Amino acid sequence: MIWIRTIWYILTLRCEEADRLRSRARGGELTRTERVAERLHRSLCSSCRKAAAQLDQIDRALEHLADGLSEGRAPDWDEQRAARLDEAMRRAQQES
Amino acid sequence: MGEQATTASTGGLDPAGWVASHGEAMFAYARLRLPTAEAAEEVVQEALLAAFRSRGSFDGRSSERTWLIGVLRHKVLDALRATKKAPFQLDDKEETCFCKGEYAEPMRTWPDSVGLKEVQESVRAALDRLPEAMRRALVLRELDGLPGKAVCEILDISPTNLWTLVHRGKARLRKMLSEEFASTGDRG
């Protein structure tokens, strides 16, 4: 009986649930049934293909942001911040 | 003379040059994960001072920056843990509208002119506009890739709440970017 429920779940998945599954997909949090259901639904639904493409772009952007340490750029970094941090380091070195 | 002595006694580390060499990278790391520039600066300062105090533990197997970021990472997690008791509230308004389980409005693709770099900058800015609980969940789970269980422990929330926050956070990012890029497309 479980397999009937599984097939029913796969065949009747709606966009709303597929949308939720996609949010959890990164990091391998989905079960095999959920993965199959989402893929099958996406292959049949153009809105979900577009939504998945957008989510994929957001996921890749998050990955790049996480990996972007070597660039080390921050929009609100400025000389005053650097001076304050330098001053704190100078004090620590004097005290040590 | 004092600075030379300090460098010589720290196994190749150069604490006097940390801010100039790694300050912005450290601040960028913290800023992406914390809600305000002030909070990020405070944590970077704590990390720099902690690294200075424990400079004897640097074994030279990693670069100076990697080691400093490692120290900073712990400080950022401490800061996130310290604010976990912040009120956890989600309004009932869903980010994406559905009608009988299907998208209420047809999805539109983003203009072809939108590249990864643009998405990246928009996501960075949009993260700051998310409610704090949503932003923290997304940063820890999706940016740092921590396991769900670890994120739940750090933020002191249930797995159900975590996945709700991640789902709605991503839906909100998608919505904000769609609005932004729609206007980009209109201009183009």
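Preceding block: the structure.
Quantities reported herein were computed from a predicted structural model and do not represent experimental measurements.

Trainee: Explain the overall build of chain A here, please?
Mentor: Along chain A, the regular secondary structure elements total five helices and zero strands. Counting from the amino terminus, helix and strand elements in chain A follow one another as α-α-α-α-α. Here the C-alpha atoms of chain A give a radius of gyration of 23 Å, more than 25% beyond the 12 Å that 2.2 N^0.38 yields for 96 residues. In terms of overall dimensions, chain A has a C-alpha envelope of 75 × 30 × 20 Å along the principal axes. In chain A, which comprises 96 residues, the share counted as buried stands at 38%. Considering only intrachain contacts with a sequence separation of at least 6, the fraction spanning at least 24 residues in chain A is 56%. As presented, chain A carries roughly 5900 Å² of accessible surface, and 52% of it is formed by carbon and sulfur atoms. Between the mean site of the 18 positive side-chain charges and the mean site of the 17 negative ones, chain A shows a separation of 10 Å.

Trainee: Help me understand the environment of Ala52 of chain A in this model?
Mentor: Residue and element names in this part refer to chain A. Considering the arrangement of structural elements, one finds Ala52 in helix H4 (residues 46-67). Note on Ala52: relative accessible area 11%, which makes it buried. A sequence separation of 43 residues divides Ala52 from Glu95, and the C-alpha atoms of the two residues are 55 Å apart. Apart from the residues within four sequence positions on either side, Ala52 is in contact with Arg22 and Arg42.

Trainee: I keep staring at the layout of surface pockets and nothing clicks. Help me out?
Mentor: Residue and element names in this part refer to chain A. If you add up the space inside the largest pocket, you get close to 600 Å³. Of the residues that constitute the lining of the largest pocket, the class distribution is 10 nonpolar, five polar and six charged. As for the second largest pocket, its lining consists of 17 residues, and the residues nearest its centre are Arg22, Ala25, Arg26, Glu38 and Arg42. At the level of secondary structure, the elements contributing two or more residues to the lining of the second largest pocket comprise helix H2 (15-25), helix H3 (32-44) and H4. In terms of residue count, H4 provides more of the lining of the second largest pocket than any other element does, six residues in total. Here the residues of the lining of the second largest pocket sort into four nonpolar, one polar and 12 charged.

Trainee: Just checking my understanding: could you explain the nonpolar core for this structure?
Mentor: The nonpolar side chains of a soluble globular protein tend to be buried with one another. Membership of the largest hydrophobic core comes to 68 residues, with the highest contact counts inside it found for Trp18, Leu72 and Val123 of chain B. Residue contributions to this core peak at 10 residues, all from helix H3 (residues 37-53) of chain B. A domain split of this core shows at least three residues from each of domain 1 (7-82) and domain 2 (98-187) of chain B. Filtering out sequence-adjacent residues up to four positions away, Trp18 of chain B remains in contact with Met89 of chain A together with Leu13, Gly23, Leu48, Ala51, Phe52, Glu64, Trp67 and Leu68 of chain B.

Trainee: Teacher, can you tell me more about the interface of chain B and chain A here?
Mentor: How big an interface is tends to be reported as the loss of accessible area on association of its parts. Facing 57 residues of chain B, the contacting portion of chain A comprises 45 residues. Between chain B and chain A, the buried area comes to about 4900 Å², and carbon and sulfur atoms account for 61% of it. In this structure, Arg84 of chain A engages Glu41 of chain B in a salt bridge whose closest nitrogen and oxygen atoms are separated by 2.7 Å. Run the count over chain B and chain A and you get 10 residue pairs in polar contact (both at pLDDT 80 or more). Secondary-structure elements contributing two or more residues to the side of chain B that touches chain A are helix H2 (18-33), H3, helix H4 (64-82), strand E2 (102-103), helix H5 (116-129), helix H6 (132-143) and helix H8 (159-187) of chain B. Considering every element that reaches the side of chain B that touches chain A, the biggest residue donor is H2 of chain B, with 11 residues.

Trainee: Which parts of the structure should I look at to understand the side chain of His22 of chain B?
Mentor: Residue and element names in this part refer to chain B. Structurally, His22 can be placed in helix H2. Note on His22: relative accessible area 9%, which makes it buried. Within the structure, the side chain of His22 is placed 3.2 Å from the side chain of Arg65, a separation counted as a polar contact. Contacts of His22, omitting those with residues within four sequence positions, involve Glu64, Arg65 and Leu68.

Calculation rules
Residues numbered from 1 in each chain as written. Chains lettered and ligands numbered in written order. Predicted model: local features only at pLDDT ≥ 70, side-chain atom pairs only at ≥ 80, totals over all residues. Heavy atoms only, no water. Helix = DSSP H or I, 4+ residues; strand = E, 2+ residues; numbered from the N terminus. Rg over C-alpha atoms; globule rule 2.2 N^0.38 Å. Buried < 20%, exposed > 50% of the residue type's maximum accessible area, 1.4 Å probe, protein only. Contact = heavy atoms within 4.5 Å. Areas by Shrake-Rupley, 256 points an atom, 1.4 Å probe, with all protein chains shown as cover. Lys, Arg positive; Asp, Glu negative; His and termini not counted. Charge placed at Lys NZ, Arg CZ, Asp CG, Glu CD. 1 Å grid on protein atoms, 1.4 Å probe; cavity = no way out; pocket = protein on both sides within 12 Å on 5 of 7 lines; lining within 4 Å. Points joined across faces, edges and corners; volume = space filled by probe spheres on them. Nonpolar A, V, L, I, M, F, W, Y, C, P; charged D, E, K, R; others polar. Core = buried A, V, L, I, M, F, W, Y, C linked by side-chain atoms within 4.5 Å. Domains from an automatic or database assignment. Buried area = accessible area lost by both parts, 1.4 Å probe. Salt bridge = Lys/Arg side-chain N within 4 Å of Asp/Glu carboxyl O. Polar contact = N/O pair within 3.5 Å; in protein donor to acceptor, adjacent residues only side chain to side chain.

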